[in-house]
Structure formats: structure tokens, C-alpha cells
Amino acid sequence: MTLTTAEADKLLADHFAPWVQALGLSTVETGEQYAVLRLPWSGQLAREGGGLSGQALMAAADTACVIALSAARGGFGPMTTVQQSTSFQRAVLDRDVLVRARITKLGRRIAFLDVTLTPEDAEDPAAHATAVYALG
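Residues numbered from 1 in each chain as written. Predicted model: local features only at pLDDT ≥ 70, side-chain atom pairs only at ≥ 80, totals over all residues. Heavy atoms only, no water.

**Topic: the overall build of the protein chain**
Selection rule: Under the scheme used here, helices are H or I runs from DSSP no shorter than 4 residues and strands are E runs no shorter than 2 residues, and both carry numbers assigned from the N terminus. In this description the radius of gyration comes from C-alpha coordinates, and the expected globular size is given by 2.2 Å times residues to the power 0.38. For every residue, the accessible area (1.4 Å probe, protein chains only) is compared with the maximum for its type, and the residue is labelled buried under 20%, exposed over 50%, or partly exposed between those bounds. Two residues qualify as a contact provided that any one of their heavy atoms is within 4.5 Å of a heavy atom in the partner residue. Here the Shrake-Rupley method, with its probe set to 1.4 Å, supplies the accessible areas, and only the displayed protein chains count as covering residues. The convention is simple: Lys and Arg are positive, Asp and Glu are negative, and His and the chain ends are not counted. Charge coordinates come from a single atom per side chain, which is NZ of Lys, CZ of Arg, CG of Asp or CD of Glu.
A tally of helices and strands in the protein chain yields three helices and six strands. Helices and strands appear in the protein chain in the N-to-C order α-α-β-β-α-β-β-β-β. Whereas a compact globule of 136 residues would reach a radius of gyration of roughly 14 Å, the protein chain reaches 14 Å, a difference of no more than 12%. Seen through its C-alpha atoms, the protein chain measures out along the principal axes to roughly 45 × 25 × 25 Å. Out of the 136 residues in the protein chain, the part that is buried amounts to 43%. For the protein chain, the proportion of contacts with a sequence separation of at least 24, taken over those separated by at least 6, is 61%. Total accessible area computed for the protein chain in this model is approximately 7000 Å², and 50% of it derives from carbon and sulfur atoms. Distance from the positive charge centre (11 side chains) to the negative charge centre (14 side chains) of the protein chain: 10 Å.

**Some points on unusual backbone geometry**
Positive phi is not limited to glycine here, since Asp-94 has a value of about 55°. Relative to the helices and strands, Asp-94 is located in the loop between β3 (79-88) and β4 (97-106). Among the residues examined, Asp-94 registers a relative accessible area of 62% and is labelled exposed. Unusually for a residue other than glycine, Asp-121 sits at a positive phi of about 70°.

**Looking at the pairing of β4**
So the rule is basically this: Strands were regarded as paired on the criterion that DSSP finds at least two bridges between them.
One ladder, built from six bridges, connects strand β2 (residues 34-39) with β4; its direction is antiparallel. Residue Leu-39 lies in a different strand from β4, and its bridge partner there is Val-97. The sheet contact formed by β4 and strand β5 (residues 110-119) spans nine bridges and is antiparallel. Looking at β5, one finds that Val-97 is bridged to Pro-119.

**A short note on helix α3 (residues 54-72)**
Heads up, the condition is: The length a helix should cover is 1.5 Å for every residue beyond the first.
Between the first and last C-alpha of α3 there are 27 Å, a value that for 19 residues agrees with the 27 Å anticipated at 1.5 Å per step. With 16 of its 19 residues buried, α3 lies for the most part within the structure. Among the residues trailing α3, Gly-74 stands out with phi positive, at a value near 80°.

**Here's the deal with the sheet that holds strand β6 (residues 127-135)**
Note the cut-off: Simply put, an axis is a line fit to the C-alpha atoms, just over the touching stretch for a helix, and the angle between two N-to-C directions goes from 0 to 180 degrees.
Read across the open sheet, the six strands follow the order β1-β2-β4-β5-β6-β3; overall the sheet is antiparallel. Looking along the sheet, the strands with just one partner apiece sit at the ends: β1 (26-31) and β3. Direction aside, the axes of adjacent strands within the sheet are offset by 20° on average. Taken together, the five bridges between β1 and β2 define a ladder with antiparallel strand orientation. When the sheet's bridge partners are listed, Gly-31 is paired in β2 with Tyr-34. Taken strand by strand, α3 contacts β1, β2, β3, β4, β5 and β6, and its axis lies near 50° from that of β4.

**So, the pattern of salt bridges**
Note the threshold: Only one rule defines a salt bridge in this text: a Lys or Arg side-chain nitrogen within 4 Å of an Asp or Glu carboxyl oxygen.
All told, the structure shown has four salt bridges when counted by the stated rule. For Asp-114, the salt bridge is made with Arg-102, and the minimal N-O distance between the two is 3.9 Å. Note that Asp-114 is positioned in strand β5 and Arg-102 in strand β4, a separation of twelve residues in sequence. According to the relative accessible area criterion, Arg-102 is partly exposed, its value standing at 44%. Via salt bridges that share partners, Arg-38, Asp-96 and Glu-120 belong to a single interconnected network.

**So, helix α1 (residues 5-15)**
Here is the rule: The directions from the helix axis to the C-beta atoms form the arc being described.
Among the residues of α1, Ala-8, Leu-11 and Leu-12 are the ones counted as buried. All buried residues of α1 lie within an arc of 100° about the axis, which places them on one face of the element. Away from the buried face of α1 by more than 90 degrees, exposed residues Ala-6 and Lys-10 are located.

Here it is, written out as C-alpha cells:
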């Protein structure tokens, strides 16, 4: 009951606010319990000092969670973020970021996810997030 990457990208285009779409996210991979999105490097998203802004990383993590949940549930449906906690571990400079959202528990009304945000071609994440979603 998963989505193709094309179907996931269509969800990005159809269900997310214009400012989220402006991040340029694209779907790299989906599975029954996960999704991987690419956040492309952009100077528009960098903060003073040249590092990718935490706000962009947090929005990418939140969006990847919605795609992972949609893949697990066979399509987009009502859901809302209840909690998201993000820890930033290192700056991202001039590199795309792979955002891997993995469902750790999927219930009928609530879901828990774990997200790693890793610069492309790096081994260690730049950030880690956990999220809780209420499902409609």
C-alpha cells in the first residue's frame, strides 16, 4: 500500500502551501513505513554564515513525515502535526539534504516518526527529528 515517487511528488504539489513548495522538495524513495525526500541546496534558504536554516530543515522533516504516512496509508488523508522536536548536529553548507522519515508506530488515530536529515554523500546526519501526528 505504498505510493510511487511520482504520486508522492503530486501530493507535494497538490496539498502543501506555496512556501513549502518553494523549498523545492522532491521524493527520492517511498516504502511501506518510510519516505526519503531531497531538499536541494539553495542560497535562499541559507542563514548568516551560509548554513542551511533550521526552519527549512524542520519544514522538510515535517513534510517528509506526511509523505511517509501517506505512503503507509495508501494515499493522502487528514492529519496534523501534534509534536515535532529537532536537534541540530552540524551545519549544512552547499549540499542537498536527504530527509528520511521512518514510521516507528502507526495506530488508527496517532503515529510516531523518526527523521534523519543527512547532507548528500555524508555518513552522519546534520539533524534528527521526532514527530507525532494525529490522524483523521
